[in-house]
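Descriptive analysis of the structure
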Amino acid sequence: MAKSFDVRRQPGFTAIAMLCFVLLYLPILLLVAYSFNAGQSISQWEGLSLRWYASAWQNDQIQSATILSVTIAVTAAFLATSVAVLAALATTRVKPWRGQTVAFAMINQPLMVPEIVTAVSLLIFFAMIKVATGYTGLWYLIIAHTAFCIPFAYMPIRARLQGMNLSLEQAGADLYGTPVKVFRYITLPQLWPGILAGGMLSFVISLDDVVITEFVKSAGQDTLPTYMLGQLRRNITPEINAISTALLAISILMVTAMFFFSRTRK
Amino acid sequence: MKRTALLTSLAALIAGTAQAEGQLNIYNWGNYTSPEMIEKFEKEFDIAVTITDYDSNDTALAKLKAGGSGFDIVVPSGAYVPIFISEGVLMKSNPNEMENFSNVTPRWVDVEFDPGREYTVPWQWGTVGISVNTSIYGGDIDSAALVFDPPEELKGKINVIPEMIDVMGLAIHYMGGEQCTGDKDVLVKVRDKLVEAKPSWLSMAYGNIDKLANVDIAASVNWNGASMRARLQNEDVKFGYPQTGYSIWMDNAAITADAQNVENARLFLNFIMLPENAAMLSNFARYANGITGSEAFMDADMASAPEINIPENLQGAGYISKSCPPEVQKIYSQIWTELTK
Amino acid sequence: MSPSRTRFALLAPAMVILFFAAAGPLVIVLVYSFLIPGDYGGVVWDFSTDAWFGVVAERDFFTDQLSWADAHLSVFWRSIKLSLMTSVLSLVIGFPTAYFIATRPKGSRDVWMLLIMIPFWTNLLIRTFAIMELIRNEGTINTVLIAMGLVTQPIQMLYTEFSMLVGMTYVYLPLMILPIYASMERLDFSLVEAGYDLYATRWQVLRRVIFPLVKPGVVAGSILVFVPCLGAYVTPRVLGGGKQLMLGNLIELQFGQLRNWPLGAALSLTLLVIVMIALIFYVRAAGNEGNAHG
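Residues numbered from 1 in each chain as written. Chains lettered and ligands numbered in written order. Predicted model: local features only at pLDDT ≥ 70, side-chain atom pairs only at ≥ 80, totals over all residues. Heavy atoms only, no water.

On to the overall build of chain B, then. Secondary structure assignment for chain B yields 13 helices and ten strands. Whereas a compact globule of 341 residues would reach a radius of gyration of roughly 20 Å, chain B reaches 21 Å, a difference of no more than 12%. Expressed as lengths along the three principal axes of its C-alpha atoms, the size of chain B is roughly 60 × 45 × 40 Å. In the form shown here, chain B has an accessible surface area of approximately 11,900 Å², with 52% of it arising from carbon and sulfur atoms. (Helix = DSSP H or I, 4+ residues; strand = E, 2+ residues; numbered from the N terminus. Rg over C-alpha atoms; globule rule 2.2 N^0.38 Å. Areas by Shrake-Rupley, 256 points an atom, 1.4 Å probe, with all protein chains shown as cover.)

Put into structure tokens, the structure is as follows:
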């Protein structure tokens, strides 16, 4: 076969991928641009200014909402991914067992029910606990978020696990590796892309959630989305754009650092 | 809340520690509470305030009914106050016996939704009328026909806020009825009119200030304060008061039935009845407040705004919006579903 | 430990969380769907099947005549249609993108993946508003088109089914790309090479070799997009302009302004049944797939 023939190439795929990246970033660029707008509006350009950064910096409500959003998302994504890995191991690559369908339906249940329904039922259920125990802390939100993140974490992990090469694990077991060791040194590294995908999806899903949070939150527990929902009726201020741009900048810095880290490691 | 205290308060949130001594938890519409005023209150009484947002009376009611969320103050709309009271989520705190109650404008003392003010204190009030871009439509703007029988210039450029009570009220009065009517002849006409008008509407959405200013929409059933904000961005936007009848609403602060910080909440109710504090609220939220003497402390552009000061000849057309009886509400629901499907 | 006990131990944490914060409370919804609506929201504890009846039929308040609840049916239809279209569009864009990333050198794949994810670290509402800004009449796209002389009048994109489709595709795209990527990343390209050695065309290789190997990822992605779309709330509300409800909005209305919680509950459970049926097909398909590989 001629050397120039690239078996990986599919005509048009690179073009579509590039288009996809452009489309993904177009709204984001607009958002960044408007965060520097001097005017009141999120849609009318009136010149360059940092006023919204200054006013977001002074807005306690936005700041505590941001911190809360990130705290909940990180915790919930971590918990959801951890339990999803275990659940995926129990439901994938095993002989079909009684109750497998039930387990599967259970895991995916949060996907199947519109948010508002889970929200209303959680409102009633958690309120009973709140009244009974007097505890009004963050764990209600964290547990609620973890629950609806589980299917999003589970799906990519399961997809990765399906058809993953069993021979290495068998070899490991043949060499008297304990199940934990086999998992730690053989399964986990192979599973890693799935875990990463699941974790990132959960993080994003948690960060975006409005309706369930709105119904579960207690006093002082506004997240960025519920804070914005409250503003929706009146008007969204560009402070939101400013804080989002700041978060974006931080994430891009982190990604860049990771990129250089992975290159030097080679 | 100081920035340095943010992390501490976050830690407290996770731990869910019991309410501290000087604490007050306000549950209010988003972007509606003047941060300046809150800061002043915190300093004056050494009380830490948290503000949590909601976006509809129904959500607030559902949450308070379920209980346990730790809110001390809530700000329901007048039409919902009797419901909040009968559902038992408000505390009878007798604000009418408070020191600053004498500042409440007489017209807002003996209101139908809370006679004599045993539960609530005025927060902000306003009207639901029609914002019109007068460079696109030059005719009379004080008419509900702009929305229900729109002129050619406005067709396809109309927005209607998705507030069932206000929109139904506007349409019923336009068709010659009264708010909360159960008269089926009128209601059939209302339904047909709404369904007929819908294709001329671009949207039924909130957040129309920018769109009015940018002429994405040329007219909107709207709140007066939002219309004023749009005018400050684009002077062509005028606010019309439909002669056939337009609704007047008032949002009211009250103490919740399961409040943990009742004394602080009482301090707060008394605090917002002081003219200079009420003016801070108005300067932030851009609506009138129902406290006599607050005008002196209000921004100059508010005192003269035609959106805030209803013209003499149109004052009679306004009616104070109320909640309709359940059997009527059912019919309205059916019409509303038909309209928004 | 016996296999079944291991399995139990592995599943327990997920099941406990799901039971308390998702599936368990759903029982409340089921009970509510058989009660009478309270006058001001909530429920009255009297047994009734009115809510279930109300999902498909309604009694006209004026003529008292019974008819199909075509308002509900048209919302159901719109939701299913738009969710299918969103899934297909996401697949058409997402599959090649995932493929592109999976064929990058090993070290840079994670970076490409993160590049996909970064836009999604920005809040959903903010992204939706940014899209609105792009496509509204006086917005960026129309302004550019008019300036270039391609159109004279702005194209009405906002508040149409088109804008809802675009918005939902944008919002749910990573849910398609990530699972496909996760199963494509371990694709063995020697199989692809073997395909070409047998004189297969690129299309044949794609369809006969690559696609079957990454099918679990495609199926997972399609479900992750289709199902949340059905119950979507924010995007239709902002980009649909409130004139074209989707199921999520209709249900929210019942729990909100329309104060008919039992009907809201019955509508949700109807949605649940639709999704269940779709998922049962998936379990069958995926189950067979798993056995073939295992």
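Picking up after the structure, the text goes on.
Right, let's talk about the packing of helix α5 (residues 124-135) of chain C against helix α6 (residues 140-147) of chain C for a bit. Residue and element names in this part refer to chain C. Relative orientation of the contacting elements α5 and α6 amounts to 20°, with a least axis distance of 4 Å. Of the possible angle classes, the one that applies to α5 and α6 is roughly parallel. Contacts between α5 and α6 pair Glu133, Leu134 and Ile135 from the former with Thr140, Ile141 and Asn142 from the latter. For the contact of α5 with α6, the class distribution of residues is three nonpolar, two polar and one charged. (Axes fitted to C-alpha atoms, helices over the stretch in contact; angles between N-to-C directions. Parallel < 35°, antiparallel > 145°, perpendicular 65-115°, else oblique. Contact = heavy atoms within 4.5 Å. Nonpolar A, V, L, I, M, F, W, Y, C, P; charged D, E, K, R; others polar.)

Glancing now at the UniProt feature "domain: ABC transmembrane type-1" (unreviewed entry) in chain C. Cross-referencing UniProt, the feature "domain: ABC transmembrane type-1" (unreviewed entry) maps to residues 76-282 of chain C in the present numbering. With 76% helix and 0% strand, the stretch residues 76-282 of chain C has end C-alpha atoms that lie 21 Å from each other. (UniProt positions renumbered as here; feature names shortened; annotations may be inferred.)

So, on to the pattern of salt bridges. What the rule picks out here adds up to 23 salt bridges over all chains. One salt bridge connects B:Lys193 with B:Glu196, and the closest N-O pair in it is separated by 3.5 Å. Separated by three residues within a single helix, B:Lys193 and B:Glu196 lie in helix α7 (residues 184-197), roughly one turn from each other. Since its relative accessible area comes to 12%, B:Lys193 is described here as buried. Within the structure, one salt-bridge network assembled from shared partners comprises A:Arg160, C:Arg109 and C:Glu185. (Salt bridge = Lys/Arg side-chain N within 4 Å of Asp/Glu carboxyl O. Buried < 20%, exposed > 50% of the residue type's maximum accessible area, 1.4 Å probe, protein only.)

It is worth spelling out the state of the cysteines at this point. Evaluation of the coordinates by the stated rule reveals one disulfide over all chains. For B:Cys180, the disulfide goes to B:Cys324, at an S-S distance of 2.1 Å. The chirality of the disulfide connecting B:Cys180 with B:Cys324 is left-handed, given an S-S dihedral of about -80°. Taken together, the positions of B:Cys180 in the loop between α6 (164-174) and α7 and B:Cys324 in the loop between β10 (318-320) and α13 (326-340) put the pair 144 residues apart, joining distant regions of the chain. Among the residues examined, B:Cys180 registers a relative accessible area of 14% and is labelled buried. Lacking any disulfide linkage, A:Cys20 is separated from the closest cysteine sulfur, that of C:Cys229, by 16 Å. As a non-bridged cysteine, A:Cys149 has C:Cys229 as the owner of its nearest cysteine sulfur, 18 Å distant. For A:Cys149, a relative accessible area of 0% corresponds to the buried category. (Disulfide = S-S within 2.5 Å.)

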